[in-house]
Amino acid sequence: QVHLVESGGGLAQAGASLRLSCALSGRTFSDHAMGWFRQAPGKEREFVASISWSGGNTYYANFVMGRFTISRGNVKNTVYLQMNSLKAEDTAIYYCVAREGGSPTTAQIMGDPTTVDYWGPGTQVTVSS
């Protein structure tokens, strides 16, 4: 069984930064893309960012482009989300996700939540204005 665990969430003021981390554990049978979704109160779950197995391909939701950066750690089953210039609208539960597959396309199509194979339990991010 594959498990994902997020960390780094918390409270931040508007304009500040937070860095989320995610670690994948358990058995996996192939290379995998990883990424982040979020869900704010009263809203649908939405795609935030994803990164390919190699780390060479990244994809972002339009409204976080230029503010958030996704990256992989030295170990391939770790991923980070650096969030700068936080806004109150960024308040949400952030979920780490993974999908098996080593091609850039594997990361790209993670924008569709139905393509996600594994979900973390989520970490709360609260931004005060």
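An account of the accompanying structure is given in this report. Bear in mind that the values here come from a model prediction, so they are computed numbers and not experimental data. (Residues numbered from 1 in each chain as written. Predicted model: local features only at pLDDT ≥ 70, side-chain atom pairs only at ≥ 80, totals over all residues. Heavy atoms only, no water.)

**Quick word on the packing of aromatic side chains**
Going through the model one piece at a time under the given rule, you end up with three aromatic pairs. Geometrically, the ring pair formed by Phe37 and Phe47 is edge-to-face, given 5.6 Å between the ring centres and 75° between the ring planes. With a gap of 10 residues between them, Phe37 in strand β4 (residues 32-39) and Phe47 in strand β5 (residues 46-51) connect regions that are remote in the sequence. Ring geometry for Phe37 versus Trp119: centroids 5.2 Å apart, planes at 55°, classification tilted. Of the two residues, Phe37 is situated in strand β4 and Trp119 in strand β10 (residues 118-119); the sequence distance between them amounts to 82 residues. (Phe/Tyr/Trp six-rings, centres within 6.5 Å; stacked < 30°, edge-to-face > 60°. Helix = DSSP H or I, 4+ residues; strand = E, 2+ residues; numbered from the N terminus.)

**Here we look at the sheet that holds strand β7 (residues 68-72)**
The pairing of strands in a sheet comes from backbone hydrogen bonds and takes either a parallel or an antiparallel form. What the four strands build is an open sheet, ordered β1-β3-β8-β7; its pairing is antiparallel. Looking along the sheet, the strands with just one partner apiece sit at the ends: β1 (3-7) and β7. Direction aside, neighbouring strands of the sheet carry axes that sit 15° apart on average. Note: β7 against strand β8 (residues 78-83), five bridges, orientation antiparallel. Bridge assignment links Phe68 to a residue of β8, and that residue is Met83. (Pairing = 2+ DSSP bridges. Axes fitted to C-alpha atoms, helices over the stretch in contact; angles between N-to-C directions.)

**Topic: the side chain of Ser52**
Mapped onto the elements of the fold, Ser52 is located in the loop between β5 and β6 (58-60). Ser52 sits in the buried class, given a relative accessible area of 1%. Residues contacting Ser52, with those up to four places away along its chain left out, are Ala33, Asn57, Arg72, Ser103, Pro104 and Ala107. (Buried < 20%, exposed > 50% of the residue type's maximum accessible area, 1.4 Å probe, protein only. Contact = heavy atoms within 4.5 Å.)

**Considering the pairing of β8**
As paired elements, strand β3 (residues 18-25) and β8 share six bridges and run antiparallel to each other. Pairing of Leu20 across the sheet is with Leu81, part of β8. Taking the residues between adjacent antiparallel strands as the criterion, β7 and β8 are bridged by five residues.

**A word on the nonpolar core**
Core analysis: the largest hydrophobic core is formed by 36 residues, its most contacted members being Trp36, Leu81, Met83 and Tyr94. Within the residue set of this core, elements represented by two or more residues are β3, β4, β5, β7, β8, β9 (92-100) and β11 (123-128). Top contributing element to this core by residue count: β9, with five residues. When residues no more than four places from it in sequence are discounted, the contact partners of Tyr94 are Glu6, Leu20, Trp36, Phe37, Arg38, Val48, Phe68, Leu81, Met83, Gly122, Thr123 and Val125. (Core = buried A, V, L, I, M, F, W, Y, C linked by side-chain atoms within 4.5 Å.)

**Observations regarding the environment of Lys43**
Along the chain, Lys43 falls in the loop between β4 and β5. The exposure class assigned to Lys43 is partly exposed, which follows from its relative accessible area of 46%. Between the alpha carbons of Lys43 and Val2 there is a distance of 27 Å; along the sequence they are 41 residues apart.

**Looking at the pattern of salt bridges**
Pairing between side chains of opposite charge can happen when their charged atoms approach one another. One pass over the structure, following the stated rule, counts three salt bridges. Across the pair Glu46 and Arg38 runs a salt bridge, and its minimum N-O distance is 2.8 Å. On the basis of relative accessibility, which here comes to 9%, the residue Arg38 falls in the buried class. It is possible to trace a salt-bridge network through shared partners that takes in Arg38, Glu46, Arg67 and Asp90. (Salt bridge = Lys/Arg side-chain N within 4 Å of Asp/Glu carboxyl O.)

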